[in-house]
Amino acid sequence: MQENTKRTPQFGDVLRLVAPGTQLREGLENVLRAKTGGLIVDGGFSINCDFSPAHLYELAKMDGAIIVSEDAKRILYANTQLFPPASIHTSETGTRHRTAQRTAIHTSYLVIAISRRGNVITLYQGNFRYVLNEISVILAKANQAVSTLEKYKAVLDQA
Ligand SMILES: Nc1ncnc2c1ncn2[C@@H]1O[C@H](COP(=O)(O)OP(=O)(O)OP(=O)(O)O)[C@@H](O)[C@H]1O
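What counts and how
Residues numbered from 1 in each chain as written. Predicted model: local features only at pLDDT ≥ 70, side-chain atom pairs only at ≥ 80, totals over all residues. Heavy atoms only, no water. UniProt positions renumbered as here; feature names shortened; annotations may be inferred. Buried < 20%, exposed > 50% of the residue type's maximum accessible area, 1.4 Å probe, protein only. Helix = DSSP H or I, 4+ residues; strand = E, 2+ residues; numbered from the N terminus. Pairing = 2+ DSSP bridges.

If you look the protein up in an unreviewed UniProt entry, it shows as DAC domain-containing protein from Brevibacillus agri. Annotation of the protein in UniProt includes, under Catalytic activity (unreviewed entry), the sentence "2 ATP = 3',3'-c-di-AMP + 2 diphosphate".

This next bit is on the pairing of strand β6 (residues 121-125). Most of β6 is tucked away: five of the five residues are buried. On β6, burial covers both faces: I121, L123 and Q125 on one face and T122 and Y124 on the other are all buried. Pairing of β6 with strand β7 (residues 128-131) involves four bridges; the strand directions are antiparallel. Its bridge partner lying in β7, Y124 is registered against R129. Counting the residues between successive antiparallel strands, the hairpin from β6 to β7 contains two residues, one of them, G126, with a positive phi of roughly 55 degrees.

Structure below.
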């Protein structure tokens, strides 16, 4: 993995990659449910196999990080030990999350940590950190937004 400080985190692009319905999100949710935990890094390595939620699930049973292509369509490496510089400040506590945040700051690649204990998926890219909402929360918000729109439409139709 090469150091790349020119990549600017694009919040929309990152969220699109892990949106509900994508293969990557399905894989992340599977790992979360399996309670194995996981560390996923996107980067530019040679190709091994196609990405699938089932492959991710199986590979997350091993220690270490799983490295996928930048578009998350290929799984490149598994069981990988990451060595980000210890001098990089991290606000996290556990070793998985400290490694994830340091690697994200060091490389500017997207790093995803799936917590084994906390049931939480955290995204890191550069100094950007974001905890994914559960799908049930996203659906509740979407339903609320749709019903608000329906109310506005009804008012407009009556006007
Ligand atoms: N440098 C590293 N490179 C790759 N994987 C690592 C590294 N450091 C920790 N890990 C992964 O994190 C696991 C240990 O996670 P640990 O419980 O210490 O961290 P955590 O941040 O508290 O995560 P969790 O919430 O899942 O418990 C290891 O088994 C390994 O899979």
